[in-house]
Amino acid sequence: MFSRILTSALFAGAAAGLIVALLQLVFVQPVLLHAELYESGELVHFGAEAVSAHPELPGMFSDLTRDGLSVVFTMLTYTGYALVLVALMSLAEAQGHPVDGRTGVLWGLAGFIAFHLAPGFTLAPEVPGVAAADVFARQIWWWATVAAAGVAMWLIAFGGNIVSYLVAAVLLMAPHLIGAPEPDVFTGPVPTEIGALFAARAFGVGLVAWVLLGSFAGYFWQSEGKRVEVAA
């Protein structure tokens, strides 16, 4: 069982992570590099002459070390996510629920809600240079929200009764009713348009990432199961 989980997670995480890393380099990194120009003071948004909204930015893989490490760490990150996802898939299958590439899409959507949408609903993705509350406090809130949303997704999928659905609703709402840590004042040199674009692209790439991860994880889990049956 452990070998099946590990193999499925490694293949799914590496495949999804590689695709996601390339999507981030194409769609997310340029927005971050643009924001860094304002953070460093090279570009000024307020109190100066108008600047172009389309400055010349480094191309993809112009910095091989930075971009290469980004690809590697993204693959490792999604392999870690895949280990959690496949382990939960094994529990669901043991309870009689089918797991394959198609149902894996639903698992991926649940993962996106738990890890991206639920915490991002109140603590949105941020560009460099914006005002932010204490990092440790935000990390505690983020992990608590992810855990609550993860449990809620499981209850919605497998609870099967009104009590489970009500508990799931409470778990989804509670972190946002409590509220995430906020800065005392709002400051930052980066234009709000860049921050909005970054948040939108972070959510978009995150959705694609988790759908791919769920589908790959379900496919490889099913494939490994068939291989084990044949070998036995």
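Residues numbered from 1 in each chain as written. Predicted model: local features only at pLDDT ≥ 70, side-chain atom pairs only at ≥ 80, totals over all residues. Heavy atoms only, no water.

## Notes on the UniProt feature "transmembrane region" (unreviewed entry) in the chain
Point 1. Mapped onto the present numbering, the UniProt feature "transmembrane region" (unreviewed entry) falls on residues 69–92, 104–124, 140–157, 162–178 and 198–221.
Point 2. Helix makes up 81% of residues 104–124 and strand makes up 0%, while its end C-alpha atoms are separated by 26 Å.
Point 3. Taken end to end, residues 198–221 is 100% helix and 0% strand, and its first and last C-alpha atoms sit 34 Å apart. (UniProt positions renumbered as here; feature names shortened; annotations may be inferred. Helix = DSSP H or I, 4+ residues; strand = E, 2+ residues; numbered from the N terminus.)

## Observations concerning the nonpolar core
Point 1. Counting residues in each nonpolar core, the largest one holds 35 residues, and the members touching the most others are Leu85, Ile194, Trp210 and Leu213.
Point 2. Elements with a contribution of two residues or more to this core: α1 (2–39), α2 (64–94), α3 (101–120), α4 (135–158) and α6 (192–231).
Point 3. Per-element tally for this core: the top contributor is α1, with 10 residues.
Point 4. If near-sequence neighbours (up to four positions away) are discounted, Ile194 is found in contact with Val31, His34, Ala35, Tyr38 and Val127. (Core = buried A, V, L, I, M, F, W, Y, C linked by side-chain atoms within 4.5 Å. Buried < 20%, exposed > 50% of the residue type's maximum accessible area, 1.4 Å probe, protein only. Contact = heavy atoms within 4.5 Å.)

## Here's the deal with the environment of Ala16
Point 1. Inspection of the secondary structure assignment puts Ala16 in helix α1.
Point 2. Put simply, Ala16 and Met75 are 59 residues apart on the chain and 7.4 Å apart in space, counted from C-alpha to C-alpha.
Point 3. Filtering out sequence-adjacent residues up to four positions away, Ala16 remains in contact with Ala209, Leu212, Leu213 and Phe216.

## Concerning the environment of Val99
Point 1. Positionally, Val99 belongs in the loop between α2 and α3.
Point 2. On a C-alpha basis, the gap between Val99 and His176 in space is 32 Å, while along the polypeptide they are 77 residues apart.
Point 3. Residues contacting Val99, with those up to four places away along its chain left out, are Met89, Glu93, Gly218, Trp221 and Gln222.

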